[in-house]
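# Coordinate inspection notes
For reference, the chains in residue letters:
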Amino acid sequence: MRAHLLALTMPFVPQTLASYAFYVGKSLTQDGSVLVGGAGEEVSSHWLQLFPAANHTPNETITVGVTEKAIIPGELIRIPQASHTFRYLSMEYSDFEGFPAPLTNGGLNEKGVAVRDVWASNRDELIRMTPTPQRGVQYSDMARLVMERASTARAGVELIRDLIKDHGEATYGGNTHLIADKDEGWVVWEFAGGQGLWAAERLNASQVRVLYPGYIQAFPVDFANSTDFMGSDNLVTFAVQQGWWSPGSGEPFNIFKVYGPQGPEYTARDGGFKYMSQADLEEATLAMAPVSEADLMRRVRDHRISDDEAGYGQVVSLREGVDPDMLRIWIAPTGSVASPFIPWWLGGQSIPPEFGQHRYLTTGASGSFVTPDFQLQEASRFAGRIFKRVLYYMCSAPAQLLPIVTDMLTTFEGESAEHLEWVERSARALIASGERHSARQLMTYYSRSRAAKALDMGDALNNALDGFIKLRGEWRSPLGKEINDAGKGAETVNCLVGFDPDRPVNRQGRLRRRLVA
């Protein structure tokens, strides 16, 4: 998700950015569920993986943290493993320099806890004071440990609190997590600086929040007495000591203003260096209320935010009384603007090889041959590559091709949604009659069948788009010498809206247009 970040140099350059998350409270949804969506944005291979529940031996440990190759260099450490870890489903990815793979932005666990991970810049002073080598738990570790250990969203926040307190945090310059369950959501903002600073805000049933980047604003100084806010013990006192906020100033304590990037050009809900702002996305989502899963898929795949950087898409409904095996998450295998959301259940028993890890965009793959153990896996088609091709074909004529591809994707998803009623009714009946294994087989079969149909659709789309372009004489061969973008990981061109971040436009480097519902 952090494919492009600042080099640790003086003077500091604003961080360039990645990943987004949506939260929609249950009072604003069609069926009374909490909705969570988003995407990870990394120049990296992405693959879907199901992690089974597991018991662990006493004194077992896990490795966390960052290496000396990280933007802020660090050392890996080992921390105690839990005696039991929960089953969860996650999109994994292979690269962020100095952060050992596999990495994750989050997913869904068997307790109905969903987590998303999103960048959130801090003020330069915090980055400068971060000790090196730094040691502690980093953003992906936190997301994974929440999925492994948290039974509620609030427990996930408390877990992050304890991890930072007991083991410290390893940072790349500031990060947030969105953690949600059937009742509520929480935004947790972890700050650079090596001071153990963090803040968390509860999101209620009538709120929409978009993290792009993550943000928290108004915050009570007596948060220890509130059920809606949490934070490190030094959250207020450290700001006072540094002269960043004064109790006598008359200014309310505002997390973004105190700990976020400084300067009149920075605002909490208009952040980012991309085409759309959080405010635009929040307003557009609110305008859709009551929001359905299909509505949130539409927001996640909006072509103004889902571009070449999006590594996948996710949408999940969290509601009361769902059997753990029947918790369901919709996942697009690469950017959802060019790939379909497919339903996967926590009761699923396997992931098709075409949606597992492949060499395409995997770190170090170009410098070695495939191992014998991985040859069959590599022989299979790869969903990520298939639908990336769809995106690149679309970019040749977006005004013509985007509507056609979008219609095909949403039609495919509509068919899946129609099938869910009988699939889930049958699975519930099987579980009620003691045939849980059969219910799991049914859900596995259905997900794998839809995944196979999605691949066939992707191949058909690529063949049709290739023929369309070539028969019309619109093929264009490369003119440059570099296969990679000129920015070497900087913000990418969004071909679907004609947005080029290198053009001299406004301070955020984007041509801003208001979203429409």
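Everything here concerns the structure above.
One structure accompanies this document, and this report is about it. Note that this is a predicted model, so its numbers are computed, not measured.

What counts and how
- Position numbers for residues start from 1 in each chain and track the written sequence from start to end.
- Reporting in this predicted model follows two pLDDT cut-offs: at least 70 for local features of residues, and 80 or more for side-chain atom pairs to be given and counted; totals over whole chains, interfaces and linings ignore these cut-offs and use all residues.
- Neither water nor hydrogens contribute to the side-chain values; these are computed over all heavy atoms in the structure.
- Strands qualify as paired when DSSP identifies two bridges or more between them.
- Runs of H or I in DSSP of at least four residues are treated as helices and runs of E of at least two as strands, each being numbered from the N terminus.
- Fitted lines through C-alpha atoms serve as axes, helices being fitted only where they are in contact, and the angles separating the N-to-C directions of these axes extend from 0 to 180 degrees.
- We call two residues in contact when some of their heavy atoms are within 4.5 Å.
- Classification of residues uses two cut-offs on accessible area relative to the type maximum, computed with a 1.4 Å probe and protein chains only: under 20% is buried, over 50% is exposed, and between them is partly exposed.
- Under the convention used here, Asp and Glu are negative, Lys and Arg are positive, and both His and the chain ends fall outside the count.
- Each salt bridge in this description consists of a side-chain nitrogen of Lys or Arg and a carboxyl oxygen of Asp or Glu lying within 4 Å of one another.

This part takes up the sheet that holds strand β10 (residues 114-119). Taken together, the eight strands give an open sheet; going across it, the order is β3-β8-β9-β10-β11-β12-β13-β15, and neighbouring strands pair in antiparallel fashion. Where the open sheet ends on each side, the last strands, each with one partner, are β3 (46-51) and β15 (229-231). Pairwise comparison of adjacent strand axes, ignoring direction, gives a mean angle of 20° for this sheet. With five bridges joining them, strand β8 (residues 88-93) and strand β9 (residues 103-109) adopt antiparallel strand pairing. Looking at the pairing, Y93 lines up with L103 of β9. Running over the sheet, helix α2 (residues 139-149) touches β3, β8, β9, β10, β11 (175-180) and β12 (185-190) and is turned about 20° from β9. Contacts from helix α3 (residues 153-167) reach β11, β12, β13 (198-203) and β15 within the one sheet, and its direction differs from that of β12 by about 15°.

As a further point, take the side chain of D181. Following the sequence through the fold, D181 ends up in the loop between β11 and β12. Buried charge without a salt bridge: D181, with K182 as the nearest opposite-charge side chain at an N-O distance of 6.3 Å. Excluding residues within four positions of it along the chain, D181 makes contact with V34, G112, T152, A153 and L318.

Turning next to the sheet that holds strand β16 (residues 313-318). Ordered by their spatial adjacency, six strands build an open sheet running β14-β1-β2-β16-β17-β18, and the pairing between neighbours is antiparallel. Two strands lie at the open edges of the sheet, namely β14 (208-211) and β18 (342-345), each paired on one side alone. Across the sheet, the axes of successive neighbouring strands diverge by a mean angle of 15°, strand direction being ignored. Relative to β18, strand β17 (residues 328-332) is paired through four bridges, and the arrangement is antiparallel. Considered in β18, the bridge of I331 is made with I342. Set on the sheet, helix α6 (residues 278-286) makes contact with β1 (20-24) and β14; between it and β14 the angle comes to about 145°. Together, β1, β2 (34-39), β16 and β17 form the strand contacts of helix α7 (residues 293-300), whose direction differs from that of β16 by roughly 155°.

Turning next to the pattern of salt bridges. Here the idea is simple: oppositely charged side chains can pair when their charged atoms come close. In the structure shown here, the tally under the stated rule is 29 salt bridges. Salt-bridge contacts for R209 lead to E201; the nearest nitrogen and oxygen are separated by 3.2 Å. The pair R209 / E201 is uniform in exposure class, with both members buried. With a shortest N-O distance of 3.2 Å, R299 and D302 are connected by a salt bridge.

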